[in-house]
Every structure is written in structure tokens, then in C-alpha cells.
Amino acid sequence: MHELGSRTSRSRVALIATALIAFLIVLTGCTVSEPGTATAPPEPAVEVTQNPASGTEDVSPVAPISATASQGTFTDISLVNAEGRAVQGVLSPDRTTFTVGEALGYGATYTWKGTALGTDGKSVTVDGSFTTLDPDETIGATLNIGDGQEVGIAAPIIVQFHESVEDKAAVEKAMTVTTDPPTPGSWAWLPDDNGSRAHWRPQNYWAPGTAVALDAKLYGVDFGGGAYGEQDLSLNFTVGRSQIVIANAPSHRMQVVRGGETIMDIPVSYGEGNEARNVTRSGIHMVTEKHEDFLMSNPPFYENVRERWAVRISNNGEFIHANPETIGVQGSSNVTNGCINLSLGDAQQYFGTALYGDPVEVTGTSIDLSAADGDIYDWAVSWPDWQSLSALA
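Criteria and cut-off values
- Residues numbered from 1 in each chain as written.
- Predicted model: local features only at pLDDT ≥ 70, side-chain atom pairs only at ≥ 80, totals over all residues.
- Heavy atoms only, no water.
- Helix = DSSP H or I, 4+ residues; strand = E, 2+ residues; numbered from the N terminus.
- Buried < 20%, exposed > 50% of the residue type's maximum accessible area, 1.4 Å probe, protein only.
- Contact = heavy atoms within 4.5 Å.
- Pairing = 2+ DSSP bridges.
- pLDDT = per-residue confidence, 0-100.
- Polar contact = N/O pair within 3.5 Å; in protein donor to acceptor, adjacent residues only side chain to side chain.
- Salt bridge = Lys/Arg side-chain N within 4 Å of Asp/Glu carboxyl O.
- UniProt positions renumbered as here; feature names shortened; annotations may be inferred.

**Side note on the environment of I284**
Here is step 1: Relative to the assigned elements, I284 resides in strand 23 (residues 283-286).
Here is step 2: For I284, a relative accessible area of 21% corresponds to the partly exposed category.
Here is step 3: Taking the C-alpha atoms as reference points, I284 and T363, 79 residues apart in sequence, are found 8.7 Å from one another.
Here is step 4: Apart from residues lying up to four places away in sequence, I284 is in contact with Y205, P359, V360, E361, L369 and W379.

Right, dumping it as C-alpha cells:
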């Protein structure tokens, strides 16, 4: 009996030992690895997304540019150009999105720099770059009206481009005119003259006191043919009082009507009309320049003749100006080479009232004002025809 009891006790001890070893093997099994291998650390939780993606080429310099951190925030973030200058931008209050706030340059490389911190407490470096498009050429433009200027009721907005524009529709979409009070109007593309030209005019004369603003977002716009806009343009101006010159050639007189009231009614002389070059054109002209003294030439009749109180109304050479040599027939006969002649006193008085953009309505002659007479003949075009000259018509 004693021998049997000893064997039974030893068996129990062996069984318990075997079970304990098996338990320890199971418990520690997850840490056992094959020789020569290592467990990779988990990836940081923060992920940075760039728009455009790193490596993108030919990015528009006015495209939306941003970087966003998910599952984390930016510790610091910037976009820098090749010279290391940081581009203006805004980091959102929660520090998860940085948005570029200025137009970029053409043909330039921009690089992201910064650090993002994940919700797991781990950081990643922000890097990556992209390149903006490099145009074959850029096209600039100028305006006919100065910022803050006061103009007459017939003044159009003229955007004169330095080269021909191929995609006029794209350019026109980028130019916005706003008025207070609201005023119906339209863009029209007139034939190229040292470059393309877009004119915006109201359907009818401006209402006095109208505030006008032009916002032309031309930079970065594809003008077509490999050309892009060189710069944005903006303009704010106001329309002054209503003043209209009534110029009926057969009457040999001219009236200046301000606010519906005639403030001048004077004898004048119009173009003789013996040949086309001496005909004062019929139609709505517009005051564009004023000169107290001006040298006028009309070969072969005269050259560099000094005239006083000259107000230009067309680029075909038509002026309203003083001419002492025609005083004897002013009010009774038309003898000029196309200008409207006044006495010295009347010319000086009218000169003082004239404003850029004032309409001069000439009637009663044998030739109408047209595109052949200069760069501003806007009011000689009917409203339906004017609207048809829009690239978006």
C-alpha cells in the first residue's frame, strides 16, 4: 500500500507540472518571434493631404491651394517659393487646414514646410512641392478711366489689351461691371487696334451720380494661343452731371444742355462738306481731351496751326475749338474742315464746362460717324448690334 501511494503522488506532481508548463507556453506565445525578425511600429495617426498633390505640374497660379491634416493638427505650416519667401495664407482656427491667400507666380516651384502632430502624440514632417504653369507669353491691358475719376454720361469703360486676345469669351467672363443704381449694359469687342479692345457701355446714357466698379480678374486666365493674363485690373469711378451738346449743322448753332436746361446757345460753323474729309460726322461723339492750346494739322490745307480752347470729340480730327478766322460766318455758314468753330469767348466758356465722356450729338450732315472715324464710336452702334459684339452673345 505504501509503494502504490508513492507512485500516485509522483504522478500527480508530474501532471501538475506538465499543465503549468503548457499554460506558460500559451501565456507567452504572443511574444515569441522567429529569429532575425522585428515587429514594425504603428504608423502615426496624422495624415496630411495636399491640394494639388505633390509633384503636380502646370498648376494655375490662381487655383485653390491648401493642405489639410486629419487625425491631428498642424504645429507649423507654410508654402514657400524658390527664394524661401512664405506665401500668404490662413490657418483655420482648429489648425487642421491651411489655405493659400494670394495668387502665385507663373513658372515657379512652391514647397510645403512644417510639422503635423497626430492625436497619438506623434509628429510627421510636412513636405512636397508643385510647379505652376509657364505661359508662352502674358498679355497686359490698360483702362481709359482713372480710379476715382468723374466722367460724363456717355463714357464707356475701355479695356485696351496690348496684344490680340484669342479666347475673348474666357476673358469677358473674368470682367465684371457693377453699378449703383443698377444699369443695363454690355461688353462689345471692337476690331483690334494695336491689340484687342473690349468696351462696356450702358444701353442708354448713364444716370448722373451712378457709381461704377470694374473688377477684371485677368491674372491666370487662359487667353488662348499659349497666352495668359498679365495682371488683374480694378476701377471705381462716378458719373457726374448730365451735359449734352446739341450740334445741328444746318442751324449753324450749338446748344449746351446741362440737366435739361440750355446754358449756352451760340453761333458756330461746321464742316464745309465740299469733300468727305471736310464733313462733320453725324452721330453721338464723345469728349475725350481738352487743350487750352493745340497745334492742328490738316494737310494739304494747313499744318501746325495754333488753336485755342480745343475740345476733342473724335480721333478723326474733330474738335470744338476757337477760330477767329471764321468769326464772320459763324452762325450763318459752314466753312471748316470738319471741326466746330466758335468765337474765342464762347470756346473758352464751353471749354470750362466740358468733361471727359460728355456726349456731343451732331446731326444734319452727309456722313455718319463710324468705325472709320477713330477708336470711340460706341454710341453710333445700335443697342442690338452692340450686344451682338459680346463674345458671350
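Now that the structure has been shown, the text picks up again.
**What to know about the sheet that holds strand 11 (residues 150-151)**
Here is step 1: Judged by pairing direction, the sheet is mixed, and its four strands sit side by side in the order 11-19-16-13 without closing on themselves. Because the sheet does not close on itself, it has two edges, and the strands there are strand 11 and strand 13 (175-180).
Here is step 2: Judged from the six bridges that link them, strand 13 and strand 16 (residues 211-216) form a sheet pairing that is antiparallel. Paired with T178 across the strands is A213, a residue of strand 16.

**Quick look at the pairing of strand 20 (residues 243-248)**
Side-chain direction in a regular strand flips from residue to residue, so the side chains alternate between the two faces of the sheet.
Here is step 1: Inspection of the sheet shows strand 20 paired to strand 21 (residues 253-258) by six bridges, in the antiparallel sense. By the bridge assignment, Q243 is partnered in strand 21 with R258.
Here is step 2: Bridge count between strand 20 and strand 28 (residues 359-363): four bridges; the pairing is parallel. Following the sheet pairing, I246 is matched in strand 28 by E361.

**Observations regarding the confidence of the model for the protein chain**
Here is step 1: Considering every residue of the protein chain, the mean pLDDT works out to 91; 89% of them sit at 70 or more.
Here is step 2: Confidence over residues 1-11 falls short of pLDDT 50; this stretch has zero contacts with residues more than four positions distant or in other chains.
Here is step 3: Confidence drops under pLDDT 50 across residues 13-33; counting only partners more than four residues distant or on other chains, this segment forms zero contacts.

**Some words on the side chain of H285**
Here is step 1: With respect to the helices, strands and loops of the structure, H285 is situated in strand 23.
Here is step 2: Relative accessible area serves as the criterion here: at 1%, H285 is assigned to the buried category.
Here is step 3: Here the side chain of H285 touches G283 through a polar contact of 3.0 Å, landing on its backbone oxygen.
Here is step 4: Reaching out from H285, the side chain makes a polar contact with the side chain of E318 at a distance of 2.9 Å.
Here is step 5: Those residues in contact with H285, other than ones at most four positions away along the chain, are I313, S314, E318, D358, P359, V360, V362 and L369.

**Focus on the pattern of salt bridges**
Here is step 1: Counted according to the given criterion, the structure contains eight salt bridges.
Here is step 2: Its salt-bridge partner being D293, residue R306 comes within 2.5 Å of it at the nearest N-O pair. Here D293 lies in strand 24 (residues 289-298) and R306 lies in strand 25 (residues 302-312), a separation of 13 residues in the sequence.
Here is step 3: Linked by salt bridges that have partners in common, D293, R306 and R308 make up one network.

**So, the UniProt feature "active site" (unreviewed entry) in the protein chain**
Here is step 1: Listed under "active site" (unreviewed entry) in the UniProt record, and renumbered for this structure, are H321 and C339. Taken together, the annotated residues stretch across 19 residues yet fold into one region, lying no more than 7.5 Å apart by C-alpha.
Here is step 2: Tracing the backbone shows H321 in strand 26 (residues 319-322).
Here is step 3: For H321, a relative accessible area of 3% translates into the label buried.
Here is step 4: Look past the residues within four positions of H321 in its chain and what remains in contact with it is M296, E307, R308, W309, A310, C339, I340, N341, L342 and A347.
Here is step 5: Take C339: it is sitting in the loop between strand 26 and strand 27 (340-342).
Here is step 6: Leaving out residues up to four positions away in the same chain, C339 has contacts with S269, Y270, G271, T280, G317, E318, F319 and H321.

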